[in-house]
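Residue-level structure breakdown
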Amino acid sequence: MSRVPLGRWVVAIPMSLLALATIYPLLFTVNVAMKTRRDYILDRFSLTDALRFENISTAWNSVGMGRYFVNSVLVVTCSVALLLLFGSMAGFALSQLRFRGSSALFLACLAGLFVPFQVIMVPLARTMADSGLIDTYPGLILVYVAQFLPFTVFLMTSYYKTIPSEIVDAARIDGNSVYGVYRRIMLPLGTPALLSVGILNALFCWNDVLMSLVMMPSADHRTLMVGVTSLRGQYSDDIPTFASGVLIAAIPVLVVYLFLQRQIADGVAAGSTKG
Amino acid sequence: MPIGNVQPSVRPAQAGRTDGAVARSSVRRGGARSRRTGGGVWSERLAPLVLVAPAVLIIVVLRLYPLLLGVNFSFTGDGARNGMAVGLDNYRELFEDPLFRTALGNVGLLVLLLPVAVAIPGLLATFIYLRVPGHRLYRGVYFFPAVLSPVIVGAIFNLLLAFDGPLNAVLGSVGVSPVDWLGDPDLAMFIVVGVHIWATFGMALVVFLAGFATLDSALLDAARVDGASLPQVIWHVIIPSLTRTIQFVFVTTMIGMLTSMFGLLFVMTSGGPEGSTYLPEYYIWIQQGQMNRPALASAASTVLFVIMLVVGLLQINLLRRAGKEA
């Protein structure tokens, strides 16, 4: 392509415009969240005249986004911790230990990948209601863990497969039990994969709305994304507050993305190339 | 080497300070001193199962078993006929319901739009791979909306596309009369799908770029030396070498369209106007949660599952055949 620099620029122009179209909606929302209601009605596009945080604090306090935020943080943290624990345990066993039935168990885990939540929503909600787990944090956490575990097991297994089995053998000769090998060798060695899978899982859980809607009917158990959906009806005439609510839900993702973009992209890429 | 068998011979210390082989044979004899050792071996033998158990149990109990329950449930009745076997009644009702038919029609629309949703990130990834100016920046920017929740994306676009919103204000300033983007039954579904593609093309882009990383650059250089044009390079070099990646993107994009648009539909249109933006997943949710028709919802779930299986298998087959011909 270096011999046709003109062609490169011809492509670069639409690509830059697309890049602009990709981030503009979010920038617009940030700007609106800083404006007063009157400013927004007078001119939607002008830059805000001051960095105003009143709308954000209204959304956080009186709209209840603060409460939902705490709920989301709680549920996501517990879900990701369990996902990483169970995922790495199973990944280690399925990749490094040879035992009867291991390939059947691996297939059972993989089969979970092909069962989306929508398909099992009704029976799952019923089971959860029967066992008293509906509208409880453990219930939602369990649903998240079940949802993202197949993917986590799959990625951890393929990551641990790249670790030479001599390392495990050597650790065993040094007198470690299987659990010792897991705790002292496999967990530390798995850090890059755990980080990558952990971030992806955190995003998936944070961004979910359907499971949370089905599992958490009562208003004080709402997670942040369900909170955002409830803004629509109530604040459709107060756009700056609406935009602030949206922003509260988006900011953690934005921060994670700015700092950990590589790990997220690597996780997605690993999921595709190992498939 | 099977770990379970290594254990007794490599850990004489725990095996009662005797030779490993002796310890093993004494286990078989059931000697009093070595029963403790036998327990150790057993716990080591069981260790792999213990490690796998939580994951497998959760997946089987909360994913695979509910699938069977749901299929079973779809042949029973709702309300007064709760729990009674009703044969195919739910399915009959489902296919007579105009809302579900619209949902299936919209699935057809998604299938038609699928090549577009795959070609856009594919082409962009090609340009980034060929290092257009600014290629480092594009990847980071394009991928960004893919990490946002559909709910957030939907809420932002609600704002932008409102009848009295900014987009119509811009159009108005150049003399175009306002368009009811989300209120026009002929338009709304296209808008929602468009927003979905806007939000997710970065994901497919990253997958494509991972595929490009495995591409043999010597092939590209050879084609370039032979004077191949860009379309020729794409058609004769890139597409054949990336069949697996393209296949993967086709299947995941379709599955994404079938299973991750709920947030957008819920926030942007709630299935309206006039039910024109229903998809099976939205229909399932409405019947289960709002209409209190869980058995009917289960039938819709089963149909969605079959659609997903068919789509997956069909695409894999088609692409495999195309790959062989090329």
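So, how was this worked out
Residues numbered from 1 in each chain as written. Chains lettered and ligands numbered in written order. Predicted model: local features only at pLDDT ≥ 70, side-chain atom pairs only at ≥ 80, totals over all residues. Heavy atoms only, no water. Helix = DSSP H or I, 4+ residues; strand = E, 2+ residues; numbered from the N terminus. Buried < 20%, exposed > 50% of the residue type's maximum accessible area, 1.4 Å probe, protein only. Areas by Shrake-Rupley, 256 points an atom, 1.4 Å probe, with all protein chains shown as cover. Contact = heavy atoms within 4.5 Å. 1 Å grid on protein atoms, 1.4 Å probe; cavity = no way out; pocket = protein on both sides within 12 Å on 5 of 7 lines; lining within 4 Å. Points joined across faces, edges and corners; volume = space filled by probe spheres on them. Nonpolar A, V, L, I, M, F, W, Y, C, P; charged D, E, K, R; others polar. Salt bridge = Lys/Arg side-chain N within 4 Å of Asp/Glu carboxyl O. Polar contact = N/O pair within 3.5 Å; in protein donor to acceptor, adjacent residues only side chain to side chain. UniProt positions renumbered as here; feature names shortened; annotations may be inferred. Expected span 1.5 Å × (residues − 1).

Below, the discussion takes up the overall build of chain B. For chain B, the count of helices and strands is 15 helices and zero strands. Looking at chain B residue by residue over its 326 residues, the buried ones come to 53%. A total of about 15000 Å² of accessible surface is found on chain B, and carbon and sulfur atoms cover 64% of it.

As a further point, take the environment of Leu200(A). Residue and element names in this part refer to chain A. Relative to the assigned elements, leucine 200 resides in helix H10 (residues 191-207). Leucine 200 gets classed as buried once you look at its relative accessible area, which sits at 2%. Setting aside residues up to four positions removed in sequence, leucine 200 forms contacts with Phe151, Ile264, Gly267 and Val268.

Residue and element names in this part refer to chain B. Structurally, the position occupied by threonine 269 is in helix H13 (residues 262-269). Residue threonine 269 is classed as buried on the basis of its relative accessible area of 9%. For threonine 269, the residues in contact, after removing those within four places along its chain, are Leu182, Val192, Leu264 and Thr277.

Let us now look at empty space enclosed by the protein. Taken as a whole and assessed by the stated rule, the structure comprises three cavities of 30 Å³ or more. Roughly 50 Å³ of internal volume is contained in the largest cavity. If you list the elements that add at least two residues to the lining of the largest cavity, you get helix H6 (117-130) of chain A together with helix H3 (35-73) and helix H15 (294-325) of chain B. Its residues placed into classes, the lining of the largest cavity shows five nonpolar, four polar and no charged.

In this section: the interface of chain B and chain A. Between chain B and chain A, the residue contacts involve 86 residues of the former and 94 residues of the latter. Counting across the interface, chain B meets chain A through zero salt bridges. On the surface where chain B and chain A come into contact, there are 14 residue pairs in polar contact (both at pLDDT 80 or more). Ranked by the residues each element gives to the side of chain B that touches chain A, the list is headed by H3(B), at 21 residues. Its residues placed into classes, the side of chain B that touches chain A shows 64 nonpolar, 13 polar and nine charged.

Residue position: Asn207(A) is located in helix H10. In contact with Asn207(A), not counting residues within four places along its chain, are Met225(A), Val253(A), Val147(B), Leu148(B), Ser149(B) and Pro150(B).

Here we come to the environment of Thr277(B). Residue and element names in this part refer to chain B. Along the chain, the position of threonine 277 falls in the loop between H13 and helix H14 (280-290). Residue threonine 277 is classed as buried on the basis of its relative accessible area, which comes to 0%. Separated by 91 residues in sequence, threonine 277 and aspartate 186 place their C-alpha atoms 9.5 Å apart. Leaving out residues up to four positions away in the same chain, threonine 277 has contacts with Asn106, Ala188, Met189, Val192, Leu265, Thr269, Gly271 and Gly272. A distance of 2.7 Å separates a polar atom in the side chain of threonine 277 from a polar atom in the side chain of threonine 269.

Let's shift gears to the UniProt feature "transmembrane region" (unreviewed entry) in chain A. Here, UniProt's "transmembrane region" (unreviewed entry) annotation points to residues 9-28, 68-92, 104-125, 137-156, 193-219 and 239-260 of chain A. Secondary structure across residues 104-125 of chain A comprises 77% helix and 0% strand; the distance between its end C-alpha atoms is 28 Å.

An α-helix turns once every 3.6 residues. As a result, residues three or four positions apart point the same way. All names here are of chain A. The terminal C-alpha atoms of H10, which comprises 17 residues, lie 24 Å apart, in line with the 24 Å expected from a rise of 1.5 Å per residue. For H10, the tally of buried residues reaches twelve of 17 residues, placing the bulk of the element in the interior. Among all positions of H10, only Ala193, Leu194, Ser196, Val197, Gly198, Ile199, Leu200, Asn201, Leu203, Cys205, Trp206 and Asn207 are buried.

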